[in-house]
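# Architecture and fold: a report
These are the residues of each chain, in order.
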Amino acid sequence: MSEVKLSAETRSEFGKGAARRIRRDNKVPGVLYGHGADPLHLTLPGHELLLALRTPNVLISLDIDGKTNELAIPKSVQRDPIKGFLEHVDLLLVKRGEKVTVDIPVHTEGELAPGGNLLEHVLNALPVEAEATHIPESVTVSVEGLEAGASIHAKDITLPNGVSLAVEEDAVVLQVLAAQAEESTGEETEGEEVAEA
């Protein structure tokens, strides 16, 4: 997992007016918290933070006022609903070797069995526990040849060494749904019973 270095400044001004001034300077207000320490209010560089947040669960090395270095992962990111720019970020303080619980994206590869079946992502992200400096960016699951009714549970997904599930093993992550038949005229279905699954 990559580590991104960002310079941050502590801030003493709070409220909407102060936040607007910070954003006008292409910076983002944020809060660093965790480990029982008092929350630390920060100003972060907007563009660099935006680039860093493209990686899920990115590990951020913060140089705070040129004095202290802290490791953090993003916990909550607020964006403008229309323009998409960053409005605020909450960062969670972590230490090397410490285990953290995060959600990692689930990607699929392969083709479903023929027949127009649909793949439903019951969980778009898989909750896992991993060392803060070794959080996987994502997991990939093969759906090659799966037919309607098939499902993949959390326990079926291969995780990297040192990473464990933070969800029930039997939780359904992906399932294959049968394609919906078009409306029939009623003649073809007479006498047929619909089997309940």
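Each remark here, short or long, concerns the structure printed above.
Residues numbered from 1 in each chain as written. Predicted model: local features only at pLDDT ≥ 70, side-chain atom pairs only at ≥ 80, totals over all residues. Heavy atoms only, no water.

### With respect to the overall build of the chain
This is how it is decided: Secondary structure is summarised from DSSP: a helix means a run of H or I of at least four residues, a strand means a run of E of at least two, and numbering begins at the N terminus for each. The reference for a compact globule is 2.2 Å times residues^0.38; the radius of gyration itself is calculated from the C-alpha atoms. Type-normalised accessible area, obtained with a 1.4 Å probe on protein chains alone, sets the label of each residue: buried when under 20%, exposed when over 50%, and partly exposed for intermediate values. The contact criterion used is simple: two residues touch if any of their non-hydrogen atoms lie within 4.5 Å. In this description, accessible areas are obtained by the Shrake-Rupley approach with a 1.4 Å probe, and a residue is regarded as covered only by the protein chains that are shown. By the counting rule applied here, Lys and Arg register as positive and Asp and Glu as negative, while His and the ends of each chain are not counted. Note on charges: their place is set at NZ of Lys, CZ of Arg, CG of Asp or CD of Glu.
Each helix and strand in the chain was counted, giving two helices and 13 strands. A globule of 197 residues ought to have a C-alpha radius of gyration of about 16 Å, yet the chain, at 23 Å, is considerably larger. Projecting the C-alpha coordinates of the chain onto the three principal axes gives extents of approximately 75 × 40 × 25 Å. For the chain, buried positions account for 34% of its 197 residues. At a minimum sequence separation of 6, the contacts of the chain that also span at least 24 residues come to 63%. Total accessible area on the chain is roughly 12,300 Å²; 47% of this is exposed by carbon and sulfur atoms. On the chain, the mean spot of the 17 positive side-chain charges and the mean spot of the 34 negative ones are 21 Å from each other.

### Some remarks on the sheet that holds strand β8 (residues 118-121)
Sheet strands pair via backbone hydrogen bonds, and the direction of the pair is either parallel or antiparallel. Going by this rule: We call two strands paired when DSSP finds no fewer than two bridges between them. To obtain each axis, a line is fitted to C-alpha atoms, and for helices this fit is confined to the stretch in contact; angles are then taken between N-to-C directions over 0 to 180 degrees.
A sheet is described by the order of its strands in space; here three strands give the open sequence β8-β13-β11, paired in antiparallel fashion. Edge positions in the sheet fall to β8 and β11 (151-153), since each has one partner strand and no second. Strand-to-strand twist of the sheet, defined as the mean angle between neighbouring strand axes without regard to direction, takes the value 15°. As paired strands, β8 and strand β13 (residues 172-177) are joined by four bridges and run antiparallel to one another. Pairing of leucine 119 across the sheet is with valine 176, part of β13.

### Focus: the sheet that holds strand β1 (residues 3-10)
Sheet architecture is closed into a barrel: six strands sit in the order β1-β3-β2-β6-β5-β4, paired in mixed fashion. The sheet shows a mean angle of 45° between the axes of neighbouring strands, direction not considered. As judged from the two bridges shared by β1 and strand β3 (residues 37-45), these two strands associate in the antiparallel manner. Considered in β3, the bridge of threonine 10 is made with leucine 42. Across the face of the sheet, helix α1 (residues 16-24) comes into contact with β2 (27-34), β3 and β6 (86-94) while running at roughly 120° to β2.

### Details of α1
The condition is simple: Note that the arc is computed from the directions linking the helix axis to the C-beta atoms.
Considered for burial, the residues of α1 that qualify are Ala18, Ala19 and Ile22. Mapping the buried residues of α1 onto a view down its axis gives an arc of 100°, with all of them on the same face. In this structure, α1 carries Lys16 and Arg24 as exposed residues pointing more than 90 degrees from its buried face. Each element contacted by the buried residues of α1 is listed here: β2 and β3. Asparagine 26 sits one or two positions beyond α1 and adopts a positive phi of about 60°.

### Focus: the pattern of salt bridges
To be explicit about the condition: The salt bridge definition used is simple: a Lys or Arg side-chain nitrogen within 4 Å of an Asp or Glu carboxyl oxygen.
Within this structure, the stated rule accounts for two salt bridges. Residues glutamate 9 and lysine 27 are paired through a salt bridge, measuring 3.5 Å at the closest nitrogen-oxygen approach. Remark: lysine 27 occurs in strand β2 and glutamate 9 occurs in strand β1; sequence separation between them is 18 residues. By relative accessible area, glutamate 9 is classed as partly exposed at 39%. The salt bridge partner of lysine 155 is aspartate 170, with a shortest N-O separation of 3.0 Å. One end of the pair, lysine 155, is in the loop between β11 and β12 (164-165); the other, aspartate 170, is in the loop between β12 and β13, with 15 residues separating them in the sequence. Judged by relative accessible area, which is 46%, lysine 155 ranks as partly exposed.

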